[in-house]
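Summary of structural features
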Amino acid sequence: MSNTRTAPLAPRVETQVSARGRRPTRLPRLIGWAYLAPVAIYLIAFYAYPLYRNLELSLRDYTVRSFVSGDAPFIGLDNFREVFADPTFWPAVSHTAIFTFVSIAFQYVIGLALAVFFNHNFRLSATLRALFLVPWLLPMIVSASTWSWMLNSDSGVVNTALGAFGLPEINWLTSPTWSLVAVILANIWIGIPFNLVILYSGLQNIPDNLFEAAALDGASGWQTFRHVTLPMLRPVSAITLLLGFVYTLKVFDVIWIMTRGGPGSSSTTLSTWSYELGFGSLLPHFGPGAAVGNLLIIVALFFGLLYIRFQNAEASR
Amino acid sequence: MNTSRSTTKTVIGIVLTLLMLFPVYWMLNVSLMRSSDMRRDPPYLFPLHPTFSGYEAVLHDQLPYLATSLAIGIGTVVLTLAVSAPAAYSLAKLRPLGGKPLTFILLMAQMIPGIIMAMGFYSIFLNVGIINTWWGLVIADSTLAVPFGVLIFTAFMAGIPDELIQAAKLDGAGTWRTFTSIVLPVSRNPVVTVSLFAFLWAWSDFIFASTLNSGGTMQPITLGIYKYIGNNNQEWNSIMATAVVASVPAAFLLVVAQRYVAAGVTAGAVKD
């Protein structure tokens, strides 16, 4: 994975210095820009501009009418103040943190265990490993609605299974105590394949002779894992976890489809809250919604920068 | 490694896979269930009395949504390829000034949460008057795939031998000829990978659809399912049947194009 990811990060330095001076190298560079022009225009029109509009939304007092007329008054940081003072703010922050950390912890541990398991080649291992990709490929709305029905209080198969073990029924989606657990459960399921595939490719890159040496020294399976596999996998693990953070912070579909952040705000995260403010009711609060979105982007870009710095450090080693 | 240990592992592997895929099985099971059995407690674990009424409902209600999703998916693929392949050719082979910062921007762009883009697009689309259009969704959905596309193409094209490009140059081919008759033909694999993922992400998109096309006449299948859940939440066989149909592109990818999938995932591709 690091190969394909880092290759574009470090394009080879221009080495073609012509004997006749600088002019011949300038032309290809101009031509190079002709090919980059579409993507540059694209990035400005469809990335930078929406982000700018979002920032503007968060600094003005927008209503449905002023959206069309375009004369929303500038109110500075009032939207942000409103968001900070909202009783939903701290629950949303803590749910986002819990959702992200718990999801990633389980996804990583389960993904790693499966990667180690599949790293022993056995009959059908490639086929079974491919089947593990299914949750990752399904549209989120498919997974989320399937989990909703499985976790239904009265007719859900999960409660049936709990009942078979003599455990009481749980109101997964309708009780404030369990709603966050329910969406985390579904999200772990969705994220396992990504962790499995990346960690598996990391394992494949560990030289076999290290394992052979450990076996010659009489190391047990656990010792080999602890002292060979884990240390050798550190860079890949870091990449998996950092990317996991960025992508789990963004998760919206699963939570919105399963619980709409509810009941109350018991499973509200920053993404679902932002959506709820902007689009969730007939009386939209675009300004505060955009403000929440802008807080979210700061966190996401922080982890994103960490990831890129880490990638660069790895690439230059 | 003796065979009995290997067989044990295969058995464990099969059990783990079945556990992991249980929700998928359950989706199929419920999609075939009679409405009268839907609230049965405990539920039937197997489709003992299968009915296709759920799928009939799909045929009756959801075909326009499926067609729209197909159109949006294809549009997104075309736009993504058109923007990302030339850019990658430039980044990999023409070494333009500012290539490095551009790559950095593309990496960061992948990390922007969808809800933020959705709000920005909403405000723009409303002003420009393209809210609730299917091709507005093509634009929005392509933002999920363009950075990924450039990075995948660049990684691949950087590996094309310079001699090949030099030879074309000696034969008098300009950069455009080189691009269309040398670089693109050998880039078949990344073209397939990028196309598949662009299509899958556009097909699966819910956040852009629900914000930018909530009142349109041509809506994608994700909104079809979402409305189903909202309108008749007793008819879970119809909802699950729609979900099964909406999973067809994913199944296709897994069966027909599996090697491209692994290539895409390990390149850091993650849907949001």
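Criteria and cut-off values
Residues numbered from 1 in each chain as written. Chains lettered and ligands numbered in written order. Predicted model: local features only at pLDDT ≥ 70, side-chain atom pairs only at ≥ 80, totals over all residues. Helix = DSSP H or I, 4+ residues; strand = E, 2+ residues; numbered from the N terminus. Buried ≥ 20, exposed ≤ 12 C-beta atoms within 10 Å, placed from the backbone. Contact = placed C-beta atoms within 7 Å. Nonpolar A, V, L, I, M, F, W, Y, C, P; charged D, E, K, R; others polar. Core = buried A, V, L, I, M, F, W, Y, C linked by C-beta atoms within 7 Å. Axes fitted to C-alpha atoms, helices over the stretch in contact; angles between N-to-C directions. Parallel < 35°, antiparallel > 145°, perpendicular 65-115°, else oblique. Left-handed = near helix turned anticlockwise from the far one by under 90°. pLDDT = per-residue confidence, 0-100.

1. Notes on the overall build of chain B
Within chain B, the secondary structure is distributed over 15 helices and zero strands. Reported as C-alpha extents along the three principal axes, the dimensions of chain B are approximately 75 × 70 × 30 Å. Evaluated residue by residue, chain B yields a buried proportion of 54% over its 272 residues.

2. So, the overall build of chain A
Across its full length, chain A carries 16 helices and zero strands. In terms of principal-axis extent, the alpha carbons of chain A reach across some 80 × 70 × 30 Å. Counting all 317 residues of chain A, 44% fall into the buried class. The long-range share in chain A, meaning contacts at least 24 apart out of those at least 6 apart in sequence, stands at 68%.

3. Things to note about the interface of chain B and chain A
Across the boundary between the two partners, chain B contributes 88 residues, which contact 82 residues of chain A. It is helix 6 (residues 114-128) of chain B that provides the largest number of residues to the side of chain B that touches chain A, a total of eleven residues. For the side of chain B that touches chain A, a count of residues per class yields 60 nonpolar, 22 polar and six charged.

4. Structural notes on the nonpolar core
Counting 165 residues, the largest nonpolar core has Val246, Val254 and Met258 of chain A as its most contacted members. Once you skip the residues sitting within four places of it in the chain, valine 254 of chain A turns out to touch Met140, Ala144, Val183, Ala186, Asn187 and Ile190 of chain A.

5. Some remarks on the packing of helix 16 (residues 286-315) of chain A against helix 6 of chain B
Viewed as axis vectors pointing N to C, helix 16 of chain A and helix 6 of chain B meet at an angle of 140°, and their least axial separation amounts to 9 Å. Taken together, the axes of helix 16 of chain A and helix 6 of chain B are oblique relative to one another. Note on packing geometry: the crossing formed by helix 16 of chain A with helix 6 of chain B is left-handed. Here Gly289, Ala290, Gly293, Leu296 and Ile297 of chain A of helix 16 of chain A lie close against helix 6 of chain B, whose contacting residues are Ile115, Ile116 and Met119 of chain B. For the contact of helix 16 of chain A with helix 6 of chain B, the residue count by class is six nonpolar, two polar and no charged.

6. Some remarks on the confidence of the model for chain A
Here chain A averages 85 in pLDDT, while 91% of its residues score no lower than 70. Segment residues 1-24 of chain A is flagged for pLDDT under 50; beyond a separation of four residues in sequence, or across chains, it makes 38 contacts in the model.

7. Here we look at the environment of valine 191 of chain B
Turning to its location among the elements, valine 191 of chain B is positioned in helix 10 (residues 188-204). Valine 191 of chain B sits in the partly exposed class, given 19 other C-beta atoms within 10 Å.

8. Some words on unusual backbone geometry
The residue after glycine 262 of chain A, namely proline 263 of chain A, is reached through a cis peptide bond having omega -5°. When you line up the elements, proline 263 of chain A lands in the loop between helix 14 (253-259) and helix 15 (270-279). One non-glycine residue with positive phi stands out, namely arginine 95 of chain B, at about 45°. Its place among the elements puts arginine 95 of chain B in the loop between helix 4 (63-94) and helix 5 (99-109).

9. Digging into the confidence of the model for chain B
All names here are of chain B. Summing up the model confidence of chain B, the mean pLDDT is 87 and the portion of residues at 70 or higher is 94%. The low-confidence segment residues 268-272, where pLDDT is below 50, has 14 contacts with residues more than four positions distant or belonging to other chains. For this predicted complex, the interface score ipTM comes out at 0.89, while the overall pTM is 0.88.

10. Here we look at the environment of threonine 193 of chain B
Residue and element names in this part refer to chain B. With respect to the element layout, threonine 193 can be found in helix 10. Its 24 C-beta neighbours within 10 Å are what place threonine 193 among the buried residues. Distance in space between the C-alpha atoms of threonine 193 and arginine 259 is 9.0 Å, their sequence separation being 66 residues.

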